[in-house]
Amino acid sequence: MSYHMLEVRELNFDYPDGYEAIKNISFTIRRGESVGIIGANGAGKSTLLMLLMGVLFPKNGQVLVDEVAVSKKTLPMIRQQMGMVFQDPDDQLFMTTVYDDVAFGPRNYLLSEQEVNQRVTKALELVGISHLKDRAPFRLSGGEKRAAAIASVLSMEPDILIMDEPTSALDPKSRRRLISLLNSFEHTKIITSHDLDTIVETCSRTIVIKAGEIVAEGKTVEILTNEELLDHCGLEMPLSLQNCSICGSEKDFFTEKTKYSTTNTYGIQTIERDCRVSLVEN
Amino acid sequence: MSNIKSSLYNLRVLDDLARKETSIHLVHPLTKLLTTVVFLTVVLSFGRYEIVGLLPFFFYPIVIITVAEIPLGPILKRVLLAMPFIIGIGIFNPVFDQQTMSAFGLIFSKGWVTFLSILIKSCVCVGASLLLIATTGMDSLAAALRMLKVPKIFVLQLLLTYRYIYVLIEEISHMMLAYSLRAPRQRGIHPRVWGSFVGQLILRTFDRAQRIYDSMALRNFNGEYHTGKIDKNCWKDMVYLFGWCLFFIIARTNNLPMLIGSFITKVVN
């Protein structure tokens, strides 16, 4: 078993129209690590995910999963190890019931129906939607659809979980539930998102991409508090890391000690807020 | 706009009905498929002037609807959808075939008789096929076709076309909503934009279909559509198949309405 779960070596990719979407990208992800990939629209995040999953193949460079290069030959094995949750769950849920959708992957690996059933039950329990197994996916709410899409990937028991904008179009409660769910997984995780607060709460390391190139890589809290870097890449500091919008008090991110506002500016007891930020550390 | 959305929901009615667990739903898909094929073959084997002989064949859909607890409305609605095609096929019969025939002491136009025969045959055949889907489900039906060694490319084509209808309608509803919100005083879509509307629709559905295919491929889909384990045929399935086949043969070889009529007359006398 290698120390590096995923290794990307000098990856380059051009679209047929000549647009250079990925330029010389290299990084490694350790087993069990949670990595955020952020960047403005069109930075190349989704293309990078497609290259990792072997939906697209690079012009040059290599993607290694557990020291096995992603190629047409190794795809079935690679795709069992890596599960990807799409940005729009409607693209992922196409069967007539949630159960059949979650069972789709295991059945394609020709597992016995008993094992398929075990895996589906486990995956549905893990995301907390066992009660929806016989429902038609199109009748679910946004949060339920997202959970079903995650279950459809978990049922394949992947080592690496790749998620494209997992919190997009979710209401605050569903978003919070999803973040707790993601934090409860022990998988190696790669998450792309514009919701940088989600990245703060779920990823220990962050890679910033701009115009197909990596411009920064490091601890999430260091990257996401670098205003200059974020501004340069068309991003903004996440709200949870910004100074308190009410009292203006600053946060001391690196020691996890937080300065509290003791005086309530507005004189209303309920407005006084706890400015603590839960930081994900290695 | 709401019509498009509601038609999407209506389309899914058959899938919903297929999830019931009545005794008909629990019959093996292959058995139901074979029974339906036999039914269609027998119904279509009737001559163009035979109408009375066809009447007992309404018994089959009526029994299925009753036992499988299928609401009549959705099935009738779908049978009616096929009507324009059926009428289109048979409407010229009364014009071209103006000969007359006598039955029950009355004189009928042969053209009208053949038209009525086409109408009855089509209704029971379309109804029986819809009931097969409503009591079996598309996935199990596909599994039954694979058991009959139908090439997987055809089965896959059937299944994906069925899925694609939903993708197409969803895209239409999104586009129509966007259009109608910016064209409040228009009814429908202005002919001037039909071309670009249809073009956009095709491109959007291609994109969406590609994304769906990617999500399938990422879960190791390689052209074979696995629908899960289906139990083996048991004796009950055999009884179901042979019971119905026996009825179809009896109804085909005997004039059941006449026999029943004469039996009732005898009893009354």
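Residues numbered from 1 in each chain as written. Chains lettered and ligands numbered in written order. Predicted model: local features only at pLDDT ≥ 70, side-chain atom pairs only at ≥ 80, totals over all residues. Heavy atoms only, no water.

1. Some remarks on the overall build of chain A
Stage number 1. The secondary structure content of chain A amounts to 10 helices and 10 strands.
Stage number 2. Of all 282 residues assigned to chain A, the portion counted as buried reaches 54%.
Stage number 3. Sequence separation of 24 or more characterises 62% of the internal contacts of chain A that already satisfy a separation of 6 or more.
Stage number 4. When the accessible surface of chain A is split by element, carbon and sulfur atoms take 48% of a total near 12900 Å². (Helix = DSSP H or I, 4+ residues; strand = E, 2+ residues; numbered from the N terminus. Buried < 20%, exposed > 50% of the residue type's maximum accessible area, 1.4 Å probe, protein only. Contact = heavy atoms within 4.5 Å. Areas by Shrake-Rupley, 256 points an atom, 1.4 Å probe, with all protein chains shown as cover.)

2. Here's the deal with the environment of Gly73(B)
Residues and elements named next belong to chain B.
Stage number 1. Here Gly73 shows up in helix α5 (residues 72-90).
Stage number 2. Residue class for Gly73 comes out partly exposed when judged on its relative accessible area of 41%.
Stage number 3. In the structure, Gly73 is positioned 14 residues away from Phe59 in sequence and 18 Å away in space, judged by C-alpha atoms.

3. Some remarks on the layout of surface pockets
Stage number 1. Considered as a void within the structure, the largest pocket measures approximately 1200 Å³ in volume.
Stage number 2. Lining the largest pocket we find 35 residues, and of these Ala18(B), Glu21(B), His25(B), Thr136(B) and Ser140(B) sit closest to its centre.
Stage number 3. Going through the elements one at a time, α4 (98-108) of chain A together with α2 (13-18), α3 (29-44), α7 (110-136), α8 (138-147) and α11 (235-253) of chain B are the ones with two or more residues in the lining of the largest pocket.
Stage number 4. Partitioning the lining of the largest pocket into residue classes produces eight nonpolar, 11 polar and 16 charged. (1 Å grid on protein atoms, 1.4 Å probe; cavity = no way out; pocket = protein on both sides within 12 Å on 5 of 7 lines; lining within 4 Å. Points joined across faces, edges and corners; volume = space filled by probe spheres on them. Nonpolar A, V, L, I, M, F, W, Y, C, P; charged D, E, K, R; others polar.)

4. A short note on the packing of aromatic side chains
All names here are of chain B.
Stage number 1. Within the structure shown, the criterion is met by 18 aromatic pairs over all chains.
Stage number 2. With a centroid separation of 6.5 Å and 85 degrees between ring planes, the pair formed by Tyr179 and Phe197 is classed as edge-to-face. Taken together, the residues Tyr179 in helix α9 (residues 152-182) and Phe197 in helix α10 (residues 194-217) connect sequence positions 18 residues apart. By the burial criterion, Tyr179 is buried, and Phe197 matches it.
Stage number 3. Through a chain of ring-to-ring contacts, the aromatic side chains of Phe39, Phe46, Phe57, Phe59, Tyr60, Trp244, Phe247 and Phe248 assemble into a single cluster.
Stage number 4. Sitting above the plane of the Tyr49 ring, Lys110 keeps its charged end 5.0 Å from the centroid.
Stage number 5. In this structure, Arg252 packs its charged tip against the face of Phe46, placed 4.1 Å from the ring centre. (Phe/Tyr/Trp six-rings, centres within 6.5 Å; stacked < 30°, edge-to-face > 60°. Lys NZ or Arg CZ within 6 Å of the ring centre and 35° of its normal.)

5. Notes on the interface of chain A and chain B
Stage number 1. The partner chain B presents 24 residues to the 28 residues of chain A that form the contact.
Stage number 2. Summing both sides of the interface, chain A and chain B together bury roughly 2600 Å²; the carbon and sulfur share of this comes to 58%.
Stage number 3. If you sort the residues of chain A by the area they bury against chain B, Asp91(A), Phe94(A) and Phe138(A) come out on top, with a joint share of 24%.
Stage number 4. Counting across the chain A and chain B interface gives three salt bridges. (Buried area = accessible area lost by both parts, 1.4 Å probe. Salt bridge = Lys/Arg side-chain N within 4 Å of Asp/Glu carboxyl O.)

6. Some details on the domain arrangement of chain B
Residue and element names in this part refer to chain B.
Stage number 1. Along its sequence, chain B is organised into domain 1 (13-149 + 234-259) and domain 2 (151-221).
Stage number 2. Distance from the C-alpha centre of domain 1 to the C-alpha centre of domain 2: 32 Å.
Stage number 3. Counting residues at the interface gives eight residues for domain 1 and eight residues for domain 2.
Stage number 4. Interface area for domain 1 against domain 2, summed over the two sides, is near 750 Å², with a carbon-plus-sulfur share of 67%.
Stage number 5. Interface area lost by domain 1 to domain 2 is led by Asp15, Met138 and Arg146, which between them contribute 55%.
Stage number 6. Our count for the contact surface shared by domain 1 and domain 2 stands at zero salt bridges.
Stage number 7. There are one residue pair in polar contact (both at pLDDT 80 or more) connecting domain 1 and domain 2.
Stage number 8. Broken down by element, the residue count for the side of domain 1 that touches domain 2 peaks at five residues, all from α8.
Stage number 9. Tallied by class, residues from the side of domain 1 that touches domain 2 come to four nonpolar, no polar and four charged. (Domains from an automatic or database assignment. Polar contact = N/O pair within 3.5 Å; in protein donor to acceptor, adjacent residues only side chain to side chain.)

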